[in-house]
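Fold and geometry: a report
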Amino acid sequence: MASYRTREGAITAADSFTALDSLYGQSTSSSVQVPAGTSAIVGIMASISTDSATNGAATFSMQLTGDGLTEQQTLTVGSAGVDGTPASNGMTNLPFKCDVAIPVTASNQVAIAGAMDTDIGTAQMSVTLVFA
């Protein structure tokens, strides 16, 4: 049986990872506890939206760290291009889903962070990890 853990938050600056430490208004941290009885992250779902306040092109990445992993993981999870009138050019990308096989240590912690390589305005990211 799979277990799902989600974190979301604002990506606040270009070329800098920002901890995703929110859960839609619930008090939480950027780390998720690896569920007992699981041995791997088997899937990742990520969604990104921007207000497109600045013209440009950006790629988005998520990073996993913590003692629940044998090594840091960084994956590209999206992109956005902005060209036009920023006031009417907000963008929402379809969620990204990827099957992975990342070994984890049950009951330890995995921190989730997100980044964009170019500032194209306010960006939000949500990441769900699928454990099995």
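Residues numbered from 1 in each chain as written. Predicted model: local features only at pLDDT ≥ 70, side-chain atom pairs only at ≥ 80, totals over all residues. Heavy atoms only, no water.

**Re the overall build of the chain**
The number of helices and strands found in the chain is zero helices and ten strands. Listing every helix and strand of the chain by position from the N terminus yields β-β-β-β-β-β-β-β-β-β. Since a compact globule built from 132 residues should have a radius of gyration of about 14 Å, the 15 Å found for the chain is in line with a globular shape. Taken over the C-alpha atoms alone, the chain extends approximately 50 × 30 × 25 Å along its principal axes. Once local pairs closer than 6 in sequence are excluded, the contacts in the chain between residues at least 24 apart make up 78%. Of the roughly 6500 Å² of accessible surface on the chain, 50% is carried by carbon and sulfur atoms. (Helix = DSSP H or I, 4+ residues; strand = E, 2+ residues; numbered from the N terminus. Rg over C-alpha atoms; globule rule 2.2 N^0.38 Å. Contact = heavy atoms within 4.5 Å. Areas by Shrake-Rupley, 256 points an atom, 1.4 Å probe, with all protein chains shown as cover.)

**Notes on the pattern of salt bridges**
Under the definition given, this model contains one salt bridge. Of the charged contacts in the structure, one is a salt bridge between Lys-97 and Asp-99, with a shortest N-O distance of 2.9 Å. Assigned by exposure class, Lys-97 and Asp-99 land together as exposed. (Salt bridge = Lys/Arg side-chain N within 4 Å of Asp/Glu carboxyl O. Buried < 20%, exposed > 50% of the residue type's maximum accessible area, 1.4 Å probe, protein only.)

**Observations concerning the side chain of Arg-7**
Within the element layout of this structure, Arg-7 appears in strand E1 (residues 3-11). Among buried Asp, Glu, Lys and Arg side chains, Arg-7 stands out as unpaired, with Asp-21 the closest opposite charge at 8.0 Å. Separated by 2.9 Å, the side chains of Arg-7 and Thr-28 make a polar contact. With residues near it in sequence (within four places) discarded, Arg-7 still touches Leu-20, Ser-22, Leu-23, Thr-28, Ser-29, Ser-30, Ser-31, Val-32, Ile-112, Met-125, Ser-126 and Val-127. (Lys, Arg positive; Asp, Glu negative; His and termini not counted. Polar contact = N/O pair within 3.5 Å; in protein donor to acceptor, adjacent residues only side chain to side chain.)

**Quick notes on the nonpolar core**
Core analysis: the biggest nonpolar cluster contains 29 residues, and Ile-41, Ile-44, Phe-60, Leu-64, Met-125, Val-127 and Leu-129 have the highest contact counts within it. Counting residues per element, the ones that place at least two in this core are strand E4 (40-50), strand E5 (56-65), strand E6 (73-82), strand E8 (96-103), strand E9 (109-116) and strand E10 (123-131). Per-element tally for this core: the top contributor is E10, with five residues. Once residues within four sequence positions are removed from consideration, Leu-129 is found in contact with Ser-3, Tyr-4, Arg-5, Val-32, Ile-41, Gly-43, Ile-44, Leu-64, Val-110 and Ile-112. (Core = buried A, V, L, I, M, F, W, Y, C linked by side-chain atoms within 4.5 Å.)

**Remarks on unusual backbone geometry**
With the exception of glycine, the majority of residues adopt a negative phi angle, and the majority of peptide bonds are in the trans configuration. The phi dihedral of Asp-15 falls on the positive side, at around 55°, and the residue is not glycine. Relative to the helices and strands, Asp-15 is located in the loop between E1 and strand E2 (18-19). In this structure Asp-15 comes out as exposed when scored by relative accessible area, which is 65%. Residue Tyr-24 is not a glycine yet carries a positive backbone phi of 50°. Inspection of the secondary structure puts Tyr-24 in the loop between E2 and strand E3 (31-33). On the accessibility criterion, Tyr-24 (57% relative accessible area) is exposed.

**Quick look at the environment of Asp-15**
The sequence separation of Asp-15 and Thr-118 amounts to 103 residues, and the corresponding C-alpha distance is 7.0 Å. Non-local contacts of Asp-15, meaning those with residues more than four positions away in its chain, are made with Met-116 and Asp-117.

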